[in-house]
Amino acid sequence: MIGILLNDNAYEQDIRELLMAFFPGEDFVYEAAPALEFCVSGILNQERTKFQLQVIFRGKRSWYLWDATPAEKKEWDRFDEPIPVDYENRTETKNKIKRRLYVILRALTGRKMPWGSLTGIRPVKIALTRLGQGMAEEEIQEYMKDTYFASEEKIRLCLEIARKERALLGPALGGEGGFRHDGYSLYVGIPFCPTTCLYCSFTSYPIGKWGGRVQEYLAALFQELEYVARTRGRRPSCVYVGGGTPTSLTAEDLEKLLDKLTVLFDCGGAGEFTVEAGRPDSITGEKLKVLKKYGVSRISINPQTMNQKTLDLIGRCHKVEEVEARFYLARELGFDNINMDLIVGLPGEDLVDVQRTMDSLRELSPDSLTVHCLAIKRAARLNTMKEAYKDYKIVNSQGIVEMTARYARKMGLEPYYLYRQKNMAGNFENVGYALPGKECLYNILIMEEQQTIVGCGAGTTTKRLIPGENRIERAETVKNVEQYIGRVGEMIERKERLFG
């Protein structure tokens, strides 16, 4: 348990997120307690011009920083100095506080974070923005090293992906010499799954318990989609149907959904039309034929792991052989853009287990591969039922992450998008790899916030890009399916207010 004692909460989230990176899964308290081994205090002076950071570990406040970069040593030398607060540049003040805290935590724990003090979920956006401003790659490298203490490997990965994204955003969606910011992409949420996985905290409901209410959900969803088509136009740049698991719907309901989308929107003229088939136990030949009939150009078949013992543990009610069978069936039906997701850091898995998964995926040869590092969210059973799973170690390492990257590149797949989450095992990142020409444009758009994304369905978020201001305004949709059905009119009103 870690204490956070602040006389002002202006920077509480920034401090807590960095502590979570060093101590994933730890609980936090906001009051002094004798039993606390570790406590961070921050005092903002009365004039609100200086922030004094202190870290108490077992009653001691002095350590030596070994094996540090020049920028880290410089920060360590200023350990006892108050941090100047600039309210006209909150980002810079936040970075100063996190830099100071990082070098102290590194000295205390002996651990060096691959991303340094950077806790944001969009690190590529830092490189992408500065490339757009004309900054040289060498300058960006120095900036990320000095500002965040990020490792050279992660900075190189950021720059490689930023270059790829810049190449894809313009011509792929019809922009002249750049990307069309004035368009929009459509996300459709189907919040049902065959079962709920052990690590899952998404808005998903076991579909077997909902019966006839699925029809009510679709009716409400169609109201929202009709509003979007009427007000935003019928030509989205990308259409992405996710969840949950959209193919947990029956073939008849899936066809009803895709028919509605085709009537309302020019899905065939979109840059891409993706449906997450997701769980192999939800996929049938009949459903794949429905997807093909309506021109779905990209699907996901997501094993998460190819180790049966892990599948059984995490609640994926299918066999490894089913993953392979559904993949080959999709190929036979003509799907030539298939993504597969896997998760590293699953309970009980080590490097050998992950390598076994990578060997299996190499045999299948998907068109794209997304490697997720397990993120333990508050609402997931893996967190709420810690005692039941205490004997299963959660292991992730630089070696595992590097091994998955080597496999991906040997398969001809190149990294094209990246994002991070809180409480990730090993404090690493999620990376999408793809064959050239098979990248998911929607993934780039949602992550780099380069276009308005309109979300329809329970648990979705609409993000409106404000051109020229480099900011996003949001409208949330309620997560609970029953509330969504009963309040869909209110959800439409939220969108109306957002778009003015």
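From a predicted model like this one, the values you see are computed outputs, not experimental measurements.

For the rest of this paragraph, the subject is the nonpolar core. A general trend in soluble globular proteins is that nonpolar side chains are found buried together. Counting residues in hydrophobic clusters, the biggest one holds 99 residues, and the most contacted among them are Leu186, Tyr217, Leu221, Leu225, Leu258, Leu261 and Phe265. Among the elements that line this core, the one with the most residues is helix H7 (residues 213–232), at ten residues. If near-sequence neighbours (up to four positions away) are discounted, Leu258 is found in contact with Phe273, Val275, Val290, Leu291, Tyr294 and Val296. Formed by 33 residues, the second largest nonpolar core is a distinct cluster that contains Ala21, Phe38, Ala71 and Tyr102.

We now examine the pairing of strand E9 (residues 238–243). With five of six residues buried, E9 is to be regarded as a mostly interior element. Sheet topology note: the strand E6 (residues 184–190)/E9 ladder contains five bridges and is parallel. Counted as the bridge partner of Ile190 is Gly243 from E9. Alignment of E9 against strand E10 (residues 272–278), held across four bridges, turns out to be parallel. Residue Cys238 lies in a different strand from E10, and its bridge partner there is Glu272. Tracing the backbone out of E9, into helix H8 (residues 251–264) and back to the parallel element E10 gives a crossover that is right-handed.

Before going further, it helps to spend a moment on the packing of H7 against H8. Running from amino to carboxyl end, H7 crosses H8 at an angle of 10°, the nearest separation of the two axes being 10 Å. The angle between the axes of H7 and H8 places the two elements in the roughly parallel class. Only Asp253, Lys256, Leu257, Lys260, Leu261 and Leu264 of H8 make contact with H7, whose side of the interface consists of Val214, Gln215, Leu218, Leu221, Phe222, Leu225, Glu226 and Ala229. Class assignment for the residues of the contact of H7 with H8 results in nine nonpolar, one polar and four charged.

Considering all chains together, one arrives at 15 aromatic pairs under this definition. Aromatic side chains Tyr11 and Phe51 sit 5.9 Å apart centroid to centroid with 75° between the ring planes, which places their arrangement in the edge-to-face category. Within this pair, whereas Tyr11 is found in the loop between strand E1 (2–6) and helix H1 (12–22), its partner Phe51 is found in strand E4 (residues 50–57), the two being separated by 40 residues in sequence. Judged on exposure class, the residue Tyr11 and its partner Phe51 are both buried. Counting every residue linked through ring pairs, the aromatic cluster contains Phe22, Phe23, Phe38, Tyr102 and Phe149. Note that Arg232 overlies the ring of Phe499, its terminal NZ or CZ placed 4.0 Å from the centroid. Sitting over the face of the ring of Phe335, Lys292 holds its NZ or CZ atom 4.8 Å from the ring centroid.

Cut-offs applied
- Residues numbered from 1 in each chain as written.
- Predicted model: local features only at pLDDT ≥ 70, side-chain atom pairs only at ≥ 80, totals over all residues.
- Heavy atoms only, no water.
- Core = buried A, V, L, I, M, F, W, Y, C linked by side-chain atoms within 4.5 Å.
- Buried < 20%, exposed > 50% of the residue type's maximum accessible area, 1.4 Å probe, protein only.
- Helix = DSSP H or I, 4+ residues; strand = E, 2+ residues; numbered from the N terminus.
- Contact = heavy atoms within 4.5 Å.
- Pairing = 2+ DSSP bridges.
- Right-handed = clockwise from strand over helix to strand, strands pointing away.
- Axes fitted to C-alpha atoms, helices over the stretch in contact; angles between N-to-C directions.
- Parallel < 35°, antiparallel > 145°, perpendicular 65-115°, else oblique.
- Nonpolar A, V, L, I, M, F, W, Y, C, P; charged D, E, K, R; others polar.
- Phe/Tyr/Trp six-rings, centres within 6.5 Å; stacked < 30°, edge-to-face > 60°.
- Lys NZ or Arg CZ within 6 Å of the ring centre and 35° of its normal.

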